[in-house]
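# Examining the three-dimensional arrangement
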Amino acid sequence: MTAPWQDFLTAARGGRPARVPVALIVDSPWMPGFAGMHTLDFFLDTGAWLGTYLKVMARFPEVVFLPGFWVEYGMANEPSAFGAGVVWRADSPPSLRQLDLPPACWGKLRRPDPETDGLMPLVLRRLELLERGGLPEPHRIHFAAARGPLAVAAHVLGATPFLEATAAEPEATAAALDVFTDTTIAFLRAQLARLREPVGILVLDDLPGMLSPRGFDRMALPCLQRVFDAFPGLLRIHHNDTPCAHLLPRMGQLHCEVWNFSHEMDIAAVRAAVPGMALLGNVAPLGTLVRGTPEQVYAEARACVDKVGGGGAFILSAGGGLSPGTPAEHIDALVRAART
């Protein structure tokens, strides 16, 4: 395992590495544009897909890319298994057509099998091929990744109908979330079973940040805890970059080790609210990393490092995933800020 990965794992587990780690969540919104590829080629041409990841890792050797060699089809991996329509585009990741399903029917949702349903079997097969010699040495896939239960609900049922139902139809919402939680856990387990050197899981779920404190306690917290509790002993990363300062007292209750949070939240306030959790952030993905200058990226990144005291249980990153159009020199500026 490389030195950047060792530093990342040290910080993620609550330690203070010799150097501030830099890690970025990257996937199909950014990767094809960086490589100058047609988006459909990125998904369909396995050789080009792998070459793009290897090119990115060679270009930025001091950056940890999460989850690393991510086999994904935009947001469609899990929702496709429920029958949500997938809309493919040449210049952006696919979008989804939600099901027109009233809350009264949510309790009848069938639990999909990751081995047979939707796009999940394609993900699992590519992981098998990569782990059976498809990845050049010394590369490994260390993380399994999945959308969290509420994110899957929003893509299958629609964000607005789902959020309204959390208040108006609590029983139907709970029934649906039970199915989506099982799906997230099953998909993560199926991925981990194919990895030679698994280290952890990445669970991406922005919807909890849109709930009230009461709604979070009733709907989000039990589901997320069930997902994280299913993987004891692994490093658990939670991505939720919805601004949710109103939930800060509750975020520390989550049974995960790392939180990637919104750049709109002050990193010092987040550190004070969740002292036992490693922080992954917190440079603005669009306003600074895409639209700013290298000098602005450097300054904002240095401010993040300074506010958390030099790197203990802290990983420098974007306050969310890497946005489309982020220039290479802006990633270089992140690395310089971490090394200064």
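Refer to the structure printed above.
Residues numbered from 1 in each chain as written. Predicted model: local features only at pLDDT ≥ 70, side-chain atom pairs only at ≥ 80, totals over all residues. Heavy atoms only, no water.

## Overview of the overall build of the protein chain
Counting secondary structure elements, the protein chain contains 13 helices and 10 strands. Dimensions of the protein chain along its principal axes, counting C-alpha atoms only, are 55 × 45 × 35 Å. Across the 340 residues in the protein chain, those meeting the buried criterion constitute 56%. The contacts in the protein chain between residues at least 6 apart in sequence include a share of 71% that link residues at least 24 apart. Here the protein chain has roughly 13,000 Å² of accessible surface; of this, 54% comes from carbon and sulfur atoms. (Helix = DSSP H or I, 4+ residues; strand = E, 2+ residues; numbered from the N terminus. Buried < 20%, exposed > 50% of the residue type's maximum accessible area, 1.4 Å probe, protein only. Contact = heavy atoms within 4.5 Å. Areas by Shrake-Rupley, 256 points an atom, 1.4 Å probe, with all protein chains shown as cover.)

## Re the pairing of strand 2 (residues 63-66)
Here strand 2 shows a buried face lined by Val63 and Phe65 and a second buried face lined by Val64 and Leu66. In this sheet, strand 2 lies alongside strand 1 (residues 22-25) in parallel orientation, the contact comprising 4 bridges. Across the sheet, residue Ala23 finds its bridge partner in strand 2, namely Val64. (Pairing = 2+ DSSP bridges.)

## Digging into the environment of Ala159
Inspection of the secondary structure assignment puts Ala159 in helix 7 (residues 159-168). The spatial distance from the C-alpha of Ala159 to the C-alpha of Pro21 is 34 Å, given a sequence separation of 138 residues.

## Things to note about helix 1 (residues 3-12)
Here helix 1 lies mainly inside the structure; 7 of its 10 residues are buried. Every buried residue of helix 1 is listed here: Pro4, Trp5, Asp7, Phe8, Leu9, Ala11 and Ala12. Positive backbone phi, at 100 degrees, marks Gly14, one or two positions downstream of helix 1.

## Brief notes about the state of the cysteines
Counting across every chain of the model gives 0 disulfides. You can see Cys256 has no disulfide; the closest cysteine sulfur is in Cys244, sitting 12 Å from it. Since its relative accessible area comes to 8%, Cys256 is described here as buried. (Disulfide = S-S within 2.5 Å.)

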